[in-house]
Amino acid sequence: MKPHDNLPYSQLPDYSDAERVARSRAFYEAIRTRRTCRYFSNEAVPRAVIENAILAAGTAPNGANHQPWHFAVIESAEKKKVLRAAAEEEERAFYQSKGSEEWLEALAPLGTDADKPFLETAPYLIVIFGQRKGGMNPGETKQNYYVNESVGIATGMLITALHDAGLATLTHTPNPMKFLNQLCDRPHHEKAMMVLVVGKPAADATVPVHATNKKPLDAISSWL
Ligand SMILES: Cc1cc2nc3c(=O)[nH]c(=O)nc-3n(C[C@H](O)[C@H](O)[C@H](O)COP(=O)(O)O)c2cc1C
């Protein structure tokens, strides 16, 4: 098939308007229960769940369909330990001096600090890399486009798929993240963008009330 050939787009179900309204409401009700979790159980989770969620993320819209992402899944206790030590070092510097007063003030209601035990407790740490270069096929070094946007959308879909499977996630962004290339054996033209901590929440996990306060529709949308 030539690249410019087309296929009929017939995979969307033809719901009634009422069904569409009901389904969109049901989806909202399900996704609004997602919370960033900072207390994880060490209970195992089937690898197939993570694989399926990554496959879902891999269907995300992206620049020129180059799919400029890589998901490095850390399961090894040894690597988690190294990641935690490096991330906590960066975080200590952030909380002690590097973070601006305004930033630290914004984080205060979330109760976060430099201690990140979940980086060792959770069964999976998915390090998400954006590929500045790549193209569609293995071994290519073409320019990639809209890498940040594409990886952001794919990560949103990854988080949504994991939530739908009943798993908790934490989007963690140690700063700087350069050490993650070496840890995950990724080339220098890839940029670590996020660490997604994945697993079951601890039995006594709590979430900050602050995080449940979401802007209403009229504050986040306008209709023209
Ligand atoms: C790009 C990004 C980076 C984040 N980095 C951290 C982080 O380093 N540590 C942390 O505890 N939470 C982090 N978060 C989670 C946010 O604090 C959280 O999403 C926000 O407070 C809203 O809460 P909710 O996810 O429960 O709705 C991050 C979220 C995003 C999207």
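Provided above is the structure to which this section pertains.
Okay, so let's go over this structure. (Residues numbered from 1 in each chain as written. Predicted model: local features only at pLDDT ≥ 70, side-chain atom pairs only at ≥ 80, totals over all residues. Heavy atoms only, no water.)

1. Some details on the packing of aromatic side chains
Which entries qualify depends on this criterion: For this analysis, a ring pair means two rings from Phe, Tyr or Trp (six-membered ring only for Trp) whose centres lie within 6.5 Å, classed as stacked if their planes differ by under 30 degrees, edge-to-face if by over 60, and tilted for the remaining angles. Between buried and exposed lies partly exposed: a residue is buried under 20% and exposed over 50% of the maximum accessible area for its type, with that area taken using a 1.4 Å probe on protein chains only.
All chains considered together, the criterion is met by two aromatic pairs. With a centroid separation of 5.2 Å and 90° between ring planes, the pair formed by F94 and Y95 is classed as edge-to-face. When the centroid spacing of 4.8 Å and the interplanar angle of 80° are considered together, the rings of F94 and W103 count as edge-to-face. Note on F94: relative accessible area 9%, which makes it buried. Aromatic ring contacts, followed pair by pair, group F94, Y95 and W103 into a single cluster.

2. Focus on the environment of D164
Note the following rule: Helix numbers and strand numbers start at the N terminus; a helix is a DSSP run of H or I with at least 4 residues, a strand a run of E with at least 2.
Along the chain, D164 turns up in helix α6 (residues 147–164). The sequence separation of D164 and A56 amounts to 108 residues, and the corresponding C-alpha distance is 11 Å.

3. Structural notes on the environment of S150
Stated precisely, the cut-off is as follows: Contact definition: two residues touch when any of their heavy atoms are within 4.5 Å.
By the secondary structure assignment, S150 is in helix α6. In this structure the C-alpha to C-alpha distance between S150 and N62, which are 88 residues apart in sequence, comes to 4.6 Å. If sequence neighbours within four positions are ignored, S150 has contacts with P61, N62, G63, P68, W69 and Y145.

4. With respect to the pattern of salt bridges
It is possible for side chains bearing opposite charge to pair when their charged atoms get close. Rules: For this document, the term salt bridge refers to a Lys or Arg side-chain nitrogen within 4 Å of an Asp or Glu carboxyl oxygen.
Summed over all chains, the structure comprises twelve salt bridges. With its nearest N and O atoms 3.2 Å apart, the salt bridge here joins E29 to R32. With its nearest N and O atoms 3.9 Å apart, the salt bridge here joins E75 to R47. Of the two residues, E75 sits in the loop between β1 (69–74) and α3 (77–98) while R47 sits in helix α2 (residues 47–57), which places them 28 residues apart along the sequence. Assessed through its relative accessible area of 41%, E75 is described here as partly exposed. Salt bridges linked by common partners bring R25, E29 and R32 together as one network.

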